[in-house]
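An overview of the molecular structure
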Amino acid sequence: QDTAKKMTEFWLISAPGEKTCQQTWEKLHAATTKHNNLSTNSKFNIPDLKVGTLDVLVGLSDELAKLDAFVEGVVKKVAQYMGDVLEDSKDKVQENLLANGGKVLIALQNPLEAFQSFRHYFILQGVNQIDNDLKARASAYNNLKGNLQNLERKNAGSLLTRSLADIVKKEDFVLDSEYLITLLVVVPKLNYNDWVKQYETLAEMVVPRSSNVLFEDQDSYLCNVTLFRKAVDDFKHKAREYKFMVRDFQYNEEEMKADKEEMNRLSTDKKKQFGPLVRWLKVNFSEAFIAWIHVKALRVFVESVLRYGLPVNFQAMLLQPNKKTMKKLREVLYDLYKHLDSSAAAIIDATMDIPGLNLSQQEYYPYVYYKIDCNLLEFK
């Protein structure tokens, strides 16, 4: 759990083996711990992979860069959708994503244990599948959620527009009468005294003392009133002058019952889908994340062979920088490895004196470097 809390940004780097790869590792470790623990380090062991021709490796390097961006995008989408689904419990996103976190952390700290011997196109296939499944599941769940929200909106809001299914009862109406009809009127609270005084005289043929308050919200009362059918138009017209709004409403038990049932059905469906969806997101976040680390491992391998040549002899290392001393860590790494690539070192030396130029945008260093940004796990 502590590791999960700390997970923000990792630097995956590689440097050529000195006499042995162990020596490369010890040298880096000593240099970063000498200055107040600039980073937490671990070896990042990559399995021996087949090396093709130089042309193949260059082509693969480009393909892997695209694959890296795609897989990272899917990892982020799954993480963000977990945030959407958990709604009010956004603070639980991280622990949910890392509930399979054993696997996630193994992939970061020891990719060999998580590595399956599959090529990059299998990763693409698998992550594509997760992406497509996510679209389908999110679409179904969002649809359900949207329909439920629309119904909930209908049951909230002002008395002029909201559904009255939960408010009115059969006994509030005169039903099945040839001559009489009950209307529902929204009366602003400020005008309620006027209503009590005036409603019986707003038109001819209003039944005396037939009005009751059925419901109130912050601003208005909902009142009923019974009158003769032929006086309805007059009554509506006159009521408007006094800011009494007659609602267009017919009491229909079947319709109201259907509305309630629909709401219950949607609510039950949403609850039913919630658990399996969260489980799916957990598992597939883990799968996508592990695939992402595999892509990073493949990129480190290909890039290290392209830069440092054959035979394969390099040590990959995973650094978790201390947030406050990232700049210092960069300088230490630069001093350790500037001899590896004099042209990169020259550019970096030249630009260090130019204020306002952000080096990290270039993301090119004399050593192989890839960033694994786990900020996508942090939800405020």
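Residues numbered from 1 in each chain as written. Predicted model: local features only at pLDDT ≥ 70, side-chain atom pairs only at ≥ 80, totals over all residues. Heavy atoms only, no water.

Focus on the overall build of the protein
Quick note on the threshold: A run of H or I in DSSP counts as a helix once it spans at least four residues, and a run of E counts as a strand once it spans at least two, with each numbered from the N terminus. The rule is simple: take the accessible area with a 1.4 Å probe, protein chains only, and divide by the maximum for that residue type; under 20% is buried, over 50% is exposed, in between is partly exposed. Only the protein chains shown count as cover for residues, and the accessible areas themselves come from Shrake-Rupley with a 1.4 Å probe.
Scanning the protein from terminus to terminus reveals twelve helices and eight strands. Within the span of the protein, comprising 380 residues, buried residues form 43% of the whole. Looking at the protein as shown, the accessible area adds up to about 21,100 Å², and 50% of this sits on carbon and sulfur atoms.

Some points on the pairing of strand β1 (residues 9-16)
Put simply, the rule is: At least two DSSP bridges between two strands are required for those strands to pair.
With seven of eight residues buried, β1 is to be regarded as a mostly interior element. In terms of strand pairing, β1 meets strand β8 (residues 368-373) through six bridges, oriented antiparallel. Directly across from Trp11, in β8, lies its bridge partner Lys371. Looking at chain direction, β1 and strand β7 (residues 314-321) are connected through six bridges and run antiparallel. Along β7, the bridge assignment pairs Pro16 with Phe314.

Describing the sheet that holds β8
This is how it is decided: Whenever a helix is involved, its axis is fitted only over the stretch in contact; in every case the axis is a line through C-alpha atoms, and angles between N-to-C directions fall within 0 to 180 degrees. Contact between two residues is taken to exist if any of their heavy atoms lie within 4.5 Å; hydrogens are not considered.
The antiparallel open sheet is built from four strands, whose spatial order is β2-β7-β1-β8. Strand pairing shows two members of the sheet lacking a second neighbour, β2 (39-43) and β8, which therefore form its edges. On average, adjacent strands in this sheet sit at an angle of 25° to one another, irrespective of strand direction. Sitting on the sheet, helix α10 (residues 253-308) touches β1, β7 and β8, and the angle it makes with β8 is about 165°. Helix-sheet contacts for helix α11 (residues 326-337) involve β1, β2, β7 and β8, and the interaxial angle to β1 is about 10°.

Overview of the sheet that holds strand β6 (residues 245-247)
Overall, antiparallel pairing links the four strands, which are arranged β4-β5-β3-β6 in an open sheet. If you trace the sheet from one side to the other, it starts and ends with β4 (212-216) and β6, each paired once. Ignoring which end each strand starts from, the neighbouring axes of this sheet average 35° apart.

Section: the side chain of Asp131
Selection criterion: Here a polar contact is recorded for every N or O atom pair within 3.5 Å, except that within protein the pair must consist of a potential hydrogen donor and a potential acceptor, and residues adjacent in sequence are included only if both atoms are side-chain atoms.
Along the chain, Asp131 falls in helix α7 (residues 120-154). Of note is the side chain of Asp131, whose polar atom sits 2.9 Å from the side chain of Lys77. Beyond its immediate sequence surroundings of up to four residues, Asp131 is in contact with Phe70, Val74 and Lys77.

Topic: the pattern of salt bridges
Defined as follows: One side-chain nitrogen of Lys or Arg within 4 Å of one carboxyl oxygen of Asp or Glu is enough to make a salt bridge.
Throughout the structure, instances matching the rule amount to 15 salt bridges. Between Lys260 and Asp166 there is a salt bridge, with its nearest N and O atoms 3.8 Å apart. Taken together, the positions of Lys260 in helix α10 and Asp166 in the loop between α7 and β3 (180-188) put the pair 94 residues apart, joining distant regions of the chain. Of the residues examined, Lys260 reaches a relative accessible area of 43% and is grouped as partly exposed.

A closer look at the environment of Met256
Looking at where Met256 falls in the secondary structure, it is placed in helix α10. For the pair Met256 and Leu164, spaced 92 residues apart in the sequence, the C-alpha separation amounts to 8.4 Å. Residues contacting Met256, with those up to four places away along its chain left out, are Leu164, Ala165, Val168, Phe249 and Tyr251.

Remarks on helix α3 (residues 54-86)
Where we set the bar: Expected span of a helix, by definition, is 1.5 Å for each gap between consecutive residues, and there is one gap fewer than residues.
For α3, with 33 residues, the first-to-last C-alpha span of 48 Å sits near the 48 Å given by 1.5 Å per residue. One or two positions beyond α3, positive phi appears at Glu87, with a value near 45°.

Some remarks on helix α2 (residues 21-34)
A rise of 1.5 Å per residue sets the reference length of α2, with its 14 residues, at 20 Å; its end C-alpha atoms lie 20 Å apart and thus fit the reference within 8%. Buried-residue contacts for α2 involve β1, β2, β7 and α11. In the stretch just after α2, Asn36 is the one whose phi turns positive, near 50°.

Points about the nonpolar core
Here is the rule we go by: The nonpolar core is taken to be a set of buried Ala, Val, Leu, Ile, Met, Phe, Trp, Tyr and Cys residues, with the residues joined through side-chain atoms within 4.5 Å.
Core analysis: the biggest nonpolar cluster contains 48 residues, and Phe44, Ile46, Val71, Tyr81, Ile123, Leu281 and Ile372 have the highest contact counts within it. If you list the elements that add at least two residues to this core, you get β1, α3, α4 (93-97), α7, α10, β7 and β8. For this core, the element with the highest residue contribution is α10, accounting for 17 residues.

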